[in-house]
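Chain by chain, the residues run as shown.
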Amino acid sequence: MSKDQAGSRKKVEHICNPLAPLPPLGMDSEAISFDFRRYFAHTLGRDDHCTSSHYPYKALALTVRDRLIERWKLTRSHYEESDCKRTFYLSLEFLMGRTLSNAILNLDISKEVDQAFIELGINLDHIRESEPDAGLGNGGLGRLAACFLDSCATLQLPVRGYGLRYEYGMFRQHIANGQQIEDPDHWLRDGNPWELERPEYTQQIKFCGRTEHINGRVRWVDTQDVLAVPYDLPVPGYRNGTVNTLRLWKAAATDEFNLDEFNAGSYTESVETKNDAEHITMVLYPNDASENGKELRLRQQYFLASASIKDVIREWNEHHSDFSDFAEKNCFQLNDTHPSVSVAELMRQLMDEQGLSWDRAWAITSKTMAYTNHTLLPEALERWSVKLFECLLPRLLEIIYEINARFLGEVALHWPGDTDRLRRMSIIEEGPEPMVRMAYLAIVGSFSINGVAALHTELLKQGLFHDFFELWPERFNNKTNGVTPRRWLAASNVGLRQLIDEQVGNGWISDLQKLEQLQSQADNRSFQKKWRQVKLENKQRLAELVKSDCDVDFDPEAMFDVQVKRIHEYKRQLLNILHVIHLYCRIRAGDTENWTPRCVLIGGKAAPGYQMAKLIIKLINSVARVINRDEKVGGLLKVAFLPNYRVTAMEVIAPGTDLSEQISTAGKEASGTGNMKFMMNGAVTIGTLDGANIEILEEVGEENFFLFGLTSEEVESRRSHYAPNEIIENDADFKRVMKLLESGYFNQFEPGIFDEIVESIRSPYDHWMTAADFRSYIDAQDQAAQAYCDQARWTRMSIINSARCGRFSTDRTIAEYNRDIWNLAAAPAPEINGV
Ligand SMILES: *Cc1c(COP(=O)(O)O)cnc(C)c1O
C-alpha cells in the first residue's frame with residue numbers, strides 16, 4: 001500500500017454493502033466433523049492418500065478458528081461501541097506454545113471434537129502433535145505474558161497484547177557429545193493457521209535521519225523507514241464469549257526503499273536492501289536475564305513501541321476528536337524495560353504528530369505508562385549507549401534528555417545540594433561512554449512500578465530502586481506472578497482434572513481457590529489411592545518422553561525429581577548435580593539402606609553466548625552418562641538431561657513430577673513460575689526462600705515443603721567472609737563429591753574440561769554461593785527421600801500442594817493488576833450458543 005492510499009483510507013466508503021449476518025456455526029460433533037472434512041478436501045485439497053498429519057491438523061485448526069473468529073468480531077465491536085478503558089500489554093516476548101488444545105478447551109467443545117474424531121477414525125493426539133510451539137520468548141517473562149493474556153480474556157478485560165512476529169522463535173536445542181547445539185526454529189515454515197494478517201493497519205516506522213527544529217515544531221527527517229504489518233492472534237477466554245487479540249508486528253520494506261540507488265540503475269542492489277528492513281523481526285534474541293547490547297535489538301524495541309503506540313492512537317482518533325481523556329481511557333503495561341522506549345515514543349507522537357504541548361503530552365504519558373520489573377541481576381539491566389541512540393533514534397534521544405533535565409530538576413528541589421543523588425538517579429549514566437538507563441526511563445515515565453513477588457518488590461524498594469522509592473513511594477507495588485490453570489492443569493493434566501471434577505465440580509477452572517475443598521480429602525485413603533493412580537499414569541507418560549528423547553529408562557515407581565528452567569548460574573543447576581554426585585558416592589560406598597530410588601530430570605536452554613551455562617549442560621550429561629551406565633547403580637538412581645525444554649514439554653513434565661527443584665540463590669529469582677505449575681500438579685517443592693517460593697511456603701506450611709538454604713539477607717552478609725574451601729574441607733560428604741568431580745571421573749577422555757566449574761564452586765567470590773547451601777540442601781533432599789517412602793504421607797503433601805495453589809492463578813494476579821493499576825471494567829461480549 002502506498003502512503004497516499006494509507007492516508008486516504010479513512011475517506012473510503014465500505015467496499016461492500018453490509019452483509020446479511022450468518023447463522024452461528026454449530027458446536028456439535030456433526031458440524032465440526034463436516035467443517036473439518038470440507039477444509040481438508042476443498043480448502044487444502046487433500047485426499048485419502050495424505051500421510052502427513054499436518055493437513056488434518058490444519059483442517060481442524062481452521063474449523064476451530066472459524067468459531068473463534070465469530071466471537072472475536074463480537075468482542076471487538078463490543079469494546080469499540082462501549083468506548084471502554086483499555087490496556088495494552090507491550091512485550092518483546094509471548095511464549096504461547098500450542099494453540100489448538102487451549103482453544104478447544106476454552107470454546108467448550110472438547111467432547112464434541114473427541115466424538116467427531118472417534119467417528120472419523122482419526123487419532124486426535126497425533127494431530128495435536130503436529131502443531132509447532134509458538135516459541136516467541138525465552139522463559140518465565142515470555143510465558144507470563146502468555147498466561148496473562150489467557151486470564152485477561154477469562155476475566156473479560158479489554159486488554160490487547162502487542163509483540164513481534166519473529167520469523168525464528170527460540171532456538172531448538174539438541175545435545176551432541178553432551179553439548180548444547182542450537183538449531184534455528186522456523187516455526188512459520190508451514191504457515192500459521194491461527195494468525196490473521198491485517199495489512200490495512202500497516203504503520204510506517206522511522207529510523208536514523210536527523211531532526212529539524214522550526215518555529216517550535218520538530219520534524220524528524222531523512223529517515224530510513226520500515227513498515228510494520230500487524231498479524232492478529234485470537235485469545236479466547238474460558239467459555240465466556242470473549243476473544244481478545246494478540247497483535248504481532250512483522251517488519252517489511254517500504255515500496256519507496258532506496259530510490260537513489262534505484263534511479264542510479266542498481267535495481268538488484270536496491271531490492272537487496274529490502275532484507276535489511278525485514279531483518280528487524282527475523283529472530284528472537286535468545287538471552288534470558290542478560291542484555292547483549294546489539295543494535296538490532298534496540299531496533300526491535302523501538303519498532304514494537306512505535307508501531308503499537310501508532311496503532312492505539314490511530315484507533316483513538318477514529319472515535320475521539322482530542323486527547324483530553326486519553327489518559328483515562330488507555331494504559332500501557334511495559335513487560336520489563338524491553339519496551340520502555342515507549343515512554344519517549346508516546347511523548348514524540350503526541351507532540352510531533354498530534355500537535356500537543358510538552359506539558360499536555362507529559363501529563364498523558366506519565367498517567368498511562370506502567371512498568372513491571374522482572375529482575376535484580378545487574379547484567380540484565382538494559383542500558384543503551386547514547387551514541388547508538390543518537391544515530392538510530394535521534395528524536396527520541398532529544399526527548400529523553402528533556403525528560404531527564406526536568407526530572408533532575410525535581411530531584412534537586414527534593415534534595416537540594418545532593419549532587420551525588422543527581423548522578424545516581426540520572427537517566428543518563430555519565431562516563432567515557434554515556435549510557436541511557438532504560439529502567440530509570442521507565443520509572444520516571446510510569447505511574448506504577450511493580451515487582452513480581454513480595455520479596456522481589458521489597459528488594460527493589462530497598463536496593464536497586466531505593467532512591468526512586470524515597471521520591472515516589474506511592475508508585476511502587478507488588479504483583480506476585482501466577483500461571484493459568486486452563487493450560488497448566490485443565491488441559492495438560494486430564495487425569496487430575498477428571499479426579500478433581502468428580503470431587504469438587506469444575507468451578508475451580510475459573511476460580512482456583514475452589515481447590516481448597518480438596519484439602520478435606522488429603523487423608524482420605526480411597527481418594528489418596530486415586531490421586532496416586534493419576535500421578536502414576538502421568539509419570540508413565542513422562543517416562544515415555546524421557547525414553548524417546550534421552551534414551552534413559554525411568555521407573556515410574558521411583559521418585560521423579562525434576563528441575564526444568566533456563567540454565568543459569570543463579571538457578572543453581574550445579575547444586576542439583578552436586579547432590580546427584582553425592583547420591584552416586586553413597587551408592588558406590590554401599591550406603592544404601594532404606595534407599596529411595598530416584599529419577600533426576602534436568603532440562604533447559606543456555607543462552608548461546610553463555611559459556612558457563614553451556615559447560616553446566618555438559619557436566620549434567622557427563623554425570624548422567626557415567627551413572628546410567630554403572631551396573632552398581634541399577635535402579636537406585638537415574639539421571640537424564642531432557643533436550644529442547646519448551647512449553648509443550650512442560651505440559652507433560654509438570655503432571656509427572658514428584659519433587660520440584662526451586663533452588664536459586666536467595667534474592668536472585670524474581671518470582672519463578674515453573675514452581676507454580678509444579679505445585680498445581682501436585683509436586684512438592686524443595687526450595688530456598690526466594691521469589692514466590694516464599695509465598696508457596698506460606699500457603700502449604702513447612703510440613704509440606706522442603707526448605708533449605710540461606711536467606712537473601714544471609715547471602716549478602718556472608719559475601720565478605722565466604723570461604724567455600726573451608727566448607728568443603730569440613731564436610732566429609734562434600735569433600736567426597738569434590739574429590740570425585742576433580743579426579744576427572746566424569747570426563748575421562750576430556751581432561752580438565754570442568755576445571756572452571758570446580759574453580760567457581762571453590763571461589764570465595766562465587767556470587768551464587770553454591771557451597772554455602774550444599775549441606776542444608778543435601779539434608780533437605782534426604783528428608784524428601786524419607787517422606788517419599790511413606791506413601792500416605794507423600795500423597796497427603798501432594799494433595800495439599802494442589803489444594804493450596806489458588807493464589808498462584810494468573811486470574812488472581814490479573815485481578816490485582818486491574819484493581820491497583822488498570823481500573824478496567826469487565827466488558828462481557830454477548831455469547832453465541834452459550835459460549
Ligand atoms: C514456566 C516456564 C518457564 C519459567 O520457569 P522458571 O522455573 O520460573 O524459570 C520457562 N520456560 C518454559 C517453557 C516455561 O513453561
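These numbers were taken from a predicted model, which means no experiment stands behind them.

A. View of unusual backbone geometry. Located in the positive-phi region is A289, a residue other than glycine, with phi close to 60°. Of note, A289 is situated in the loop between α10 (274-278) and α11 (295-319). The partly exposed category is assigned to A289, whose relative accessible area is 21%.

B. Focus on the UniProt feature "modified residue: N6-(pyridoxal phosphate)lysine" (unreviewed entry) in the protein. Annotation from UniProt places "modified residue: N6-(pyridoxal phosphate)lysine" (unreviewed entry) at K677. The buried category is assigned to K677, whose relative accessible area is 6%. Excluding residues that lie within four positions of it along the chain, K677 makes contacts with R143, V483, W488, M650 and A654.

C. Spotlight on the sheet that holds strand β15 (residues 383-385). The strand order across the open sheet built from 3 strands is β15-β17-β16, with neighbouring strands paired in antiparallel fashion. One side of each edge strand has no neighbouring strand; the edge strands of this open sheet are β15 and β16 (428-429). Of the strand pairs in this sheet, β16 and strand β17 (residues 435-437) are connected by 2 bridges, and their pairing is antiparallel. Residue pairing in the sheet places E429 in a bridge with M435 of β17.

D. Region of interest: the confidence of the model for the protein. Averaged over every residue, the pLDDT of the protein is 96; residues scoring 70 or more account for 97%. Long-range and interchain partners of residues 1-11, a stretch whose pLDDT sits below 50, account for 9 contacts in this model, where long-range means more than four residues apart.

E. Highlighting the pairing of strand β20 (residues 559-564). Along β20, 6 of the 6 residues are buried, which leaves the element largely enclosed by surrounding structure. Burial of β20 is two-sided: the residues M559, D561 and Q563 facing one way and the residues F560, V562 and V564 facing the other way are all buried. Here β20 pairs with strand β21 (residues 598-603) via 6 bridges, running parallel. Residue pairing across strands places D561 opposite V600, the latter belonging to β21.

F. Here's a closer look at the site of the ligand. Taken together, 13 residues sit near the ligand, with K565, K571, T673, G674 and K677 positioned nearest. Here an oxygen atom of the ligand sits 3.0 Å away from a polar atom, N or O, in the main chain of G674. When the ligand sits alone it has 390 Å² of accessible area, and the protein chains cover 95% of it. Classifying every residue of the shell around the ligand gives 4 nonpolar, 5 polar and 4 charged.

G. The packing of aromatic side chains, seen in detail. Considering all chains together, one arrives at 28 aromatic pairs under this definition. Ring centres 5.6 Å apart and planes at 90° place the aromatic pair F469 and F476 in the edge-to-face group. The class of F476 is buried, set by a relative accessible area of 8%. Ring pairing ties together the aromatic residues Y89, F94, F148, Y817 and W822, which thus form one cluster. Against the face of Y39 rests R38, its NZ or CZ located 5.0 Å from the ring centre. Seen from the ring of Y201, R314 lies directly overhead, with NZ or CZ sitting 3.9 Å from the centre.

H. How the structure looks around the packing of helix α14 (residues 358-368) against helix α16 (residues 394-414). Following both chains from N to C, one finds α14 and α16 inclined at 85°, their axes separated by 13 Å at the closest point. Relative to α16, the element α14 is oriented roughly perpendicular. Residues W358, D359 and W362 of α14 form the contact with α16, whose own contacting residues are I399, E402, I403 and R406. Of the residues that constitute the contact of α14 with α16, the class distribution is 4 nonpolar, no polar and 3 charged.

I. Region of the structure containing the packing of helix α22 (residues 494-504) against helix α23 (residues 525-550). Running from N to C, α22 and α23 cross one another at 160°; their axes reach a closest spacing of 9 Å. In this view, α22 runs roughly antiparallel relative to α23, as classed from their interaxial angle. Like other packed secondary-structure pairs, α22 and α23 cross with a definite hand, here right-handed. Contacts between α22 and α23 involve G495, L496, L499, I500, E502 and Q503 from the first element and F527, K530, W531 and V534 from the second.

Cut-offs used in this document
- Residues numbered from 1 in each chain as written.
- Predicted model: local features only at pLDDT ≥ 70, side-chain atom pairs only at ≥ 80, totals over all residues.
- Heavy atoms only, no water.
- Helix = DSSP H or I, 4+ residues; strand = E, 2+ residues; numbered from the N terminus.
- Buried < 20%, exposed > 50% of the residue type's maximum accessible area, 1.4 Å probe, protein only.
- UniProt positions renumbered as here; feature names shortened; annotations may be inferred.
- Contact = heavy atoms within 4.5 Å.
- Pairing = 2+ DSSP bridges.
- pLDDT = per-residue confidence, 0-100.
- Near = heavy atom within 4 Å.
- Polar contact = N/O pair within 3.5 Å; in protein donor to acceptor, adjacent residues only side chain to side chain.
- Areas by Shrake-Rupley, 256 points an atom, 1.4 Å probe, with all protein chains shown as cover.
- Nonpolar A, V, L, I, M, F, W, Y, C, P; charged D, E, K, R; others polar.
- Phe/Tyr/Trp six-rings, centres within 6.5 Å; stacked < 30°, edge-to-face > 60°.
- Lys NZ or Arg CZ within 6 Å of the ring centre and 35° of its normal.
- Axes fitted to C-alpha atoms, helices over the stretch in contact; angles between N-to-C directions.
- Parallel < 35°, antiparallel > 145°, perpendicular 65-115°, else oblique.
- Left-handed = near helix turned anticlockwise from the far one by under 90°.

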